Amino acid sequence: MEIQLKEISVRELVENFEDNAEAGVVGYGGKLDIRPPYQREFIYNDKQRDAVIDTITKEFPLNVMYWAVREDGNFEIIDGQQRTISICQYFNGDFSVDFSGNKLAFHNLTNDQKDQILNYKLTVYQCSGTDREKLDWFKTINIAGEKLTDQELRNAVYSGTWVTDAKKYFSKSGCVAYSIGSDYLNGTPIRQDYLETVINWVSGGEIEKYMSKHQHDQNAAALWRYFQDVITWVETTFTQKRKFMKGVDWGTLYNKYKDEQCNTEKIEKEIAKLILDDDVTKKSGIYPYILTHDEKHLSIRAFSDAIKQKVYEEQKGVCSKCREHFALEEMEADHITPWHEGGKTISENCQMLCKECNRRKSGK
Ligand SMILES: [Zn+2]
């Protein structure tokens, strides 16, 4: 991997600056992707923005910025996006800054003042290398202030036709993936949560491998079709929409159970029963539980310390199985009738077992 230290003047940076909102922001003569299409919105506030211009007019140094070199020789900002946009917007006349009591936009400045800003040198590291090297490096330098999400970094590393097309479906505010998936997915498209989630599902957790494989595909239609399939499967398997469906690991369940025949009437009855069960403390876990019947998804309520203490006293510290005496902290509370056989988390259904007996009973 190669990392080059460059000095870039503001004059070079603002050349052909174009801000097309969600369609992307470019500068540096069109060679620098300041904000790729459908990436997150500009979030500096006025004070932070003014401080950038103030730093430049005072000739103080700005923190170093990081650009990735793309395959075609162009660049993409990895760190410094918001400082760069502040500079370009000021040059563009989008806002004014206080100069000893006067609010002045760039075009209000004297030629000397303009030149001072345009000649200011920014320190930029330009990095080129393999995808893996770049990703590792970006993760390391992705420091405070203008943090990119992991998926934003991956989009930069695996930039190309495929990711550009994928963003049209998954990364714009109000995108098609949002319109069909917002009841089932956490996060926001603009910070790449949707794209990350769907690639994670389709690849079984191998996001980078998948992106690397498809980097130069002409489009991302297959990913979009997969996403629609997952959502359709969710809606036809669990026919009643509920709030806590949001954030369930749907794709993983779809991958495993999509070919199984499901009785939706039976499923809805079971869900309704589990919702009413006070011992089920994690309602969103009902969906994976219905398919896997693994109780760990439900976070079945544990016995309280008060119940444990009471039952311990009643048993006089003697383990119900081996009949040996133990201290309270050497014992564990156990459901006499297991939860899945209808046993509740109440003192009448609690027995204190020594750790060894409890392990043996639960078969761990
Ligand atoms: Zn025991």
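Refer to the structure printed above.
In what follows, the accompanying structure is described.

## Considering the coordination of the zinc ion
For step 1, the next point in the chain: Protein coordination at the zinc ion comes from Cys319 (SG), Cys322 (SG), Cys354 (SG) and Cys357 (SG), with a distance range of 2.3 to 2.4 Å.
For step 2, the next point in the chain: Around the zinc ion sit 4 donor atoms; with metal-centred angles ranging over 96 to 120°, the donor geometry is tetrahedral.
For step 3, the next point in the chain: Read in sequence order, the donor residues coordinating the zinc ion give the pattern C-x2-C-x31-C-x2-C.
For step 4, the next point in the chain: Residue classification places Cys319 among the buried residues on the basis of a relative accessible area of 0%.

## Section: the packing of helix H6 (residues 150-157) against helix H10 (residues 207-214)
For step 1, the next point in the chain: Closest axis-to-axis distance for the H6/H10 pair is 10 Å, and the angle between their directions is 25°. In terms of axis orientation, H6 runs roughly parallel to H10. Crossing handedness for the pair H6 and H10: right-handed. For the pair H6 and H10, contact is made by Gln151, Arg154 and Asn155 and by Ile207, Glu208 and Met211, respectively.
For step 2, the next point in the chain: Within the contact of H6 with H10, the residues separate by chemical class into 2 nonpolar, 2 polar and 2 charged.

## A short note on the environment of Ser212
For step 1, the next point in the chain: In this fold, Ser212 is placed in helix H10.
For step 2, the next point in the chain: On a C-alpha basis, the gap between Ser212 and Asp131 in space is 8.0 Å, while along the polypeptide they are 81 residues apart.

## Digging into the pattern of salt bridges
For step 1, the next point in the chain: Going through the model one piece at a time under the given rule, you end up with 22 salt bridges.
For step 2, the next point in the chain: Close ionic contact of Lys58 with Asp54 constitutes a salt bridge, the shortest N to O distance being 2.9 Å.
For step 3, the next point in the chain: For the salt bridge of Glu196 with Arg154, the shortest nitrogen-to-oxygen distance reads 3.1 Å. Of this pair, Glu196 sits in helix H9 (residues 193-202) while Arg154 sits in helix H6, placing them 42 residues apart in sequence.
For step 4, the next point in the chain: Beyond isolated ion pairs, a larger network of salt bridges with shared partners links Arg132, Asp136, Arg154, Glu196 and Glu208.

## Observations concerning helix H3 (residues 81-91)
For step 1, the next point in the chain: In terms of burial, H3 is a largely internal element, 10 of the 11 residues being buried.
For step 2, the next point in the chain: If you check which residues of H3 are buried, you get Gln81, Gln82, Arg83, Thr84, Ile85, Ser86, Ile87, Cys88, Gln89 and Tyr90.
For step 3, the next point in the chain: Following H3 by one or two positions, Gly93 adopts a phi angle in the positive range, close to 85°.

## Focus: the environment of Arg83
For step 1, the next point in the chain: Position of Arg83 among the secondary structure elements: in helix H3.
For step 2, the next point in the chain: For the pair Arg83 and Asp46, spaced 37 residues apart in the sequence, the C-alpha separation amounts to 12 Å.

## Regarding the layout of surface pockets
Where empty space is left becomes clear once a probe the size of a water molecule has been rolled over the atoms.
For step 1, the next point in the chain: The computed volume of the largest pocket comes to approximately 450 Å³.
For step 2, the next point in the chain: Taken together, 16 residues make up the lining of the largest pocket; nearest its centre are Ala333, Asp334, His335, Asn358 and Ser362.
For step 3, the next point in the chain: Residues that form the lining of the largest pocket fall into these classes: 6 nonpolar, 4 polar and 6 charged.
For step 4, the next point in the chain: Empty space within the second largest pocket amounts to approximately 220 Å³.
For step 5, the next point in the chain: Residue lining of the second largest pocket: Glu270, Lys273, Leu274, Asp277, Tyr289, Trp339, His340, Glu341, Gly342, Gly343 and Lys344, and that is the complete set.

## Considering unusual backbone geometry
For step 1, the next point in the chain: Although it is not a glycine, Asn16 sits at a positive phi angle of roughly 55°.
For step 2, the next point in the chain: Counting through the fold element by element, Asn16 comes out in the loop between helix H1 (10-14) and strand S2 (18-19).
For step 3, the next point in the chain: Positive phi is not limited to glycine here, since Ser299 has a value of about 45°.
For step 4, the next point in the chain: Structurally, Ser299 can be placed in the loop between helix H14 (286-292) and helix H15 (305-314).
For step 5, the next point in the chain: Judged by its relative accessible area of 33%, Ser299 is partly exposed.

## Considering helix H13 (residues 264-276)
For step 1, the next point in the chain: With 13 residues, H13 extends 19 Å from end C-alpha to end C-alpha; this agrees with the ideal 18 Å at 1.5 Å per step.
For step 2, the next point in the chain: Residues of H13 that are buried include every one of Ile267, Glu268, Ile271 and Leu274, and no others. All buried residues of H13 project into a common sector of 130° when viewed along the axis, lining one side. Residues Glu265, Lys266, Lys269, Lys273 and Leu276 are exposed on H13 and point more than 90 degrees away from its buried face.
For step 3, the next point in the chain: Buried residues along H13 sit in contact with helix H11 (221-237) and H14.
For step 4, the next point in the chain: Among the residues of H13, the N-terminal cap falls to Asn263, whose side-chain oxygen and the backbone nitrogen of Glu265 are separated by 3.0 Å.

## Section: the environment of Tyr287
For step 1, the next point in the chain: Checked against the element boundaries, Tyr287 lands in helix H14.
For step 2, the next point in the chain: Sequence separation between Tyr287 and Leu298 is 11 residues, and the spatial gap between their C-alpha atoms is 9.3 Å.
For step 3, the next point in the chain: Those residues within four positions of Tyr287 in sequence are excluded, and the remaining contacts are Phe238, Gln240, Arg242, Phe244, Met245, Val248, Trp250, Leu253 and Ile271.

## What to know about the sheet that holds strand S3 (residues 25-27)
For step 1, the next point in the chain: Strand order across the open sheet formed by 7 strands is S1-S9-S5-S6-S4-S3-S2, with mixed pairing between neighbours. Strand pairing shows two members of the sheet lacking a second neighbour, strand S1 (2-9) and S2, which therefore form its edges.
For step 2, the next point in the chain: Inspection of the sheet shows S2 paired to S3 by 2 bridges, in the antiparallel sense. Residue pairing in the sheet places Glu18 in a bridge with Val26 of S3.
For step 3, the next point in the chain: Lying over the sheet, H3 contacts S2, strand S4 (32-35), strand S5 (65-69), strand S6 (75-79) and strand S9 (121-128), oriented at roughly 100° with respect to S4.

Thresholds, definitions, all that
Residues numbered from 1 in each chain as written. Predicted model: local features only at pLDDT ≥ 70, side-chain atom pairs only at ≥ 80, totals over all residues. Heavy atoms only, no water. Donors = N, O, S within 2.8 Å, 3.2 Å for Na, K, Ca; no water. Tetrahedral: all angles 85-135°; square planar, octahedral: opposite > 155°, others 65-115°. Buried < 20%, exposed > 50% of the residue type's maximum accessible area, 1.4 Å probe, protein only. Axes fitted to C-alpha atoms, helices over the stretch in contact; angles between N-to-C directions. Helix = DSSP H or I, 4+ residues; strand = E, 2+ residues; numbered from the N terminus. Parallel < 35°, antiparallel > 145°, perpendicular 65-115°, else oblique. Left-handed = near helix turned anticlockwise from the far one by under 90°. Contact = heavy atoms within 4.5 Å. Nonpolar A, V, L, I, M, F, W, Y, C, P; charged D, E, K, R; others polar. Salt bridge = Lys/Arg side-chain N within 4 Å of Asp/Glu carboxyl O. 1 Å grid on protein atoms, 1.4 Å probe; cavity = no way out; pocket = protein on both sides within 12 Å on 5 of 7 lines; lining within 4 Å. Points joined across faces, edges and corners; volume = space filled by probe spheres on them. Expected span 1.5 Å × (residues − 1). Arc of directions from axis to C-beta. Polar contact = N/O pair within 3.5 Å; in protein donor to acceptor, adjacent residues only side chain to side chain. Pairing = 2+ DSSP bridges.

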